[in-house]
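Okay, here's what each chain looks like letter by letter:
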Amino acid sequence: MSTGPAYGAAAGLVERSAAAFAAAIPEQPADDGYFGPASVTWRLAADLSAIVAGLRALLLQALHPLAMAGVDQHSNWRHDPVGRLAATSAYLATITYGDRAAADRAAAQVRRIHDHVRGTDTVTGQPYAASDPALLLWVHATFTESGLVAASLFGSQLAPAEADAYVRETRVSAELLGVPRDLLPADVNSLQAYIASVVPTLIRTPAAAESITYLLDPPGMEEDIADLWQDVREGVLAALPSWALSRYEYEPPPPLTPERRTEIRQTLGLFDAVFLGEPGVLEARQRIALRQRG
């Protein structure tokens, strides 16, 4: 484990994430993949709140000491955090919008990587393996719930039936990585019950604190993006449950008034416009829109 942070700068975060996204959207998919244009999954993946959802999920995932140990001991996130985020963006875009063969290939590659990610957490002394369904389930559940929470605060409002449909749809993402279906929550209530059952085991390890400091306050970010990022940061903290704020020792953010909610949503729109201006992103979104209209 590194004795101190050796972060790569956040410069290039937007550019590299945009390039990864654009490359992952197929030009002529063989089929509509595991979700399809009419799915709630497509709707939330394109929502302005998606960046808040992704960051919230990472904060929750990092509180699982074994999940965090795997990332800390087997990745180069300190030296190239932007690259790791871009790779995650590409994977999620492929699973969401790619045809089934592309999604299968991407998931198979991740499973091969997971096969070699194992060790012992230095904080708890417990062994871990990235292919453990219990760890994969935590990552999946926090990502799914974060999509729903972020959308409810800053994006598209889902009816209860649509939220349940999203939970059911996204089970396939976890199954592709090796989680048995019978372990996966099938509706919002069971998703929330599962997360509540794991909360007592969660802690802020030194690696979690270090990684989250980077995510919420990235060094080296371009000035205009850094200004926008502060609103994104506040949105993420507003979306966190109280137990997560407590573990990170963050003060509860100011109440999310309707006016403040609108301001953060406007910032998310500006951030999206910056993303859209990157090479290839407009064309990629046009490919998605054509499939939705077709």
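A quick note: this is a predicted structure, and the numbers were derived from the prediction, not measured.

S.K.: Mind showing me how you'd approach the overall build of the chain here?
M.R.: Scanning the chain from terminus to terminus reveals 15 helices and two strands. Taking 19 Å as the expected radius of gyration for a compact globule of 294 residues, we find that the chain reaches 18 Å, a close match to that expectation. Along the three orthogonal principal directions, the C-alpha set of the chain runs to about 55 × 40 × 35 Å. Looking at the 294 residues of the chain, the share that counts as buried comes to 48%. Here the chain displays about 13,600 Å² of accessible surface, and carbon together with sulfur accounts for 56% of that area.

S.K.: Just checking my understanding: could you explain helix α3 (residues 50-62) for this structure?
M.R.: Two residues of an α-helix separated by three or four positions point the same way, owing to the 3.6 residues in each turn. The terminal C-alpha atoms of α3, which comprises 13 residues, lie 18 Å apart, in line with the 18 Å expected from a rise of 1.5 Å per residue. For α3, the secondary structure elements touched by its buried residues are α4 (65-74), α7 (133-154), α11 (206-216), α12 (223-239), α13 (242-248) and α14 (258-276).

S.K.: Just checking my understanding: could you explain the nonpolar core for this structure?
M.R.: The nonpolar side chains of soluble globular proteins are, as a tendency, buried together. If you look at the biggest cluster of nonpolar residues, it comprises 82 residues, and the most contacted ones within it are F21, L59, W138, L148, I195 and W243. I195 has contacts with W138, A141, E145 and W243, leaving out every residue within four places of it along the chain. L66, V117, A130 and L135 belong to the second-largest nonpolar core, a separate cluster that totals six residues.

S.K.: Can you help me understand α7 in this one?
M.R.: For α7, with 22 residues, the first-to-last C-alpha span of 31 Å sits near the 32 Å given by 1.5 Å per residue. For α7, the tally of buried residues reaches 17 of 22 residues, placing the bulk of the element in the interior. The N-terminus of α7 is capped by D132, whose side-chain oxygen sits 3.0 Å from the backbone nitrogen of A134.

S.K.: What's the story with the packing of aromatic side chains in this structure? I'm lost.
M.R.: The geometry of an aromatic ring pair is captured by the separation of the ring centres together with the interplanar angle, meaning the angle of the planes. A complete count under the given rule lists five aromatic pairs for this structure. Measuring from ring centre to ring centre gives 6.3 Å for W138 and Y194, while their planes differ by 55°; the resulting arrangement is tilted. Of this pair, W138 sits in helix α7 while Y194 sits in helix α10 (residues 188-198), placing them 56 residues apart in sequence. Per residue, the accessibility class of W138 equals that of Y194, and both read buried. Each ring, one from W229 and one from F271, has its centre 5.7 Å from the other, and the planes form 55°; the classification is tilted. Linking W229 in helix α12 with F271 in helix α14, this pair joins segments that are 42 residues apart in sequence. In terms of burial, W229 and F271 fall into one category: buried.

S.K.: I tried to follow the packing of α3 against α11 on my own but got confused; where do I start?
M.R.: Look at α3 against α11: their axes get within 10 Å of each other, and the N-to-C directions meet at 170°. One way to sum up the angle between α3 and α11 is to call them roughly antiparallel. Packed against α3, whose contacting residues are L55, L58, L59 and A62, the element α11 presents A208, S211, I212, L215 and L216 at the interface. The residue makeup of the contact of α3 with α11, split by class, is eight nonpolar, one polar and no charged.

S.K.: Can you help me understand the side chain of S17 in this one?
M.R.: You can see S17 is positioned in helix α1 (residues 13-24). A relative accessible area of 12% places S17 in the buried class. Dropping the residues within four chain positions of it, S17 is found in contact with G12, A86, S89 and F275.

S.K.: Whenever I open this one, the confidence of the model for the chain confuses me. Can you help?
M.R.: Any segment with low pLDDT has predicted coordinates that should not be analysed in fine detail. On average, residues of the chain score 92 in pLDDT, and 96% of them are at 70 or above. Low pLDDT, under 50, characterises residues 1-9; the predicted model gives this stretch 23 contacts beyond four residues in sequence or across chains.

S.K.: I keep staring at the environment of S131 and nothing clicks. Help me out?
M.R.: Looking at the secondary structure, you find S131 in the loop between β2 (127-129) and α7. S131 sits in the partly exposed class, given a relative accessible area of 30%. Separated by 47 residues in the primary sequence, S131 and G178 place their C-alpha atoms 7.4 Å from one another. Residue contacts for S131: discarding those within four places in its chain leaves H114, D115, R118 and L136.

Reading guide: rules and limits
- Residues numbered from 1 in each chain as written.
- Predicted model: local features only at pLDDT ≥ 70, side-chain atom pairs only at ≥ 80, totals over all residues.
- Heavy atoms only, no water.
- Helix = DSSP H or I, 4+ residues; strand = E, 2+ residues; numbered from the N terminus.
- Rg over C-alpha atoms; globule rule 2.2 N^0.38 Å.
- Buried < 20%, exposed > 50% of the residue type's maximum accessible area, 1.4 Å probe, protein only.
- Areas by Shrake-Rupley, 256 points an atom, 1.4 Å probe, with all protein chains shown as cover.
- Expected span 1.5 Å × (residues − 1).
- Contact = heavy atoms within 4.5 Å.
- Core = buried A, V, L, I, M, F, W, Y, C linked by side-chain atoms within 4.5 Å.
- Polar contact = N/O pair within 3.5 Å; in protein donor to acceptor, adjacent residues only side chain to side chain.
- Phe/Tyr/Trp six-rings, centres within 6.5 Å; stacked < 30°, edge-to-face > 60°.
- Axes fitted to C-alpha atoms, helices over the stretch in contact; angles between N-to-C directions.
- Parallel < 35°, antiparallel > 145°, perpendicular 65-115°, else oblique.
- Nonpolar A, V, L, I, M, F, W, Y, C, P; charged D, E, K, R; others polar.
- pLDDT = per-residue confidence, 0-100.

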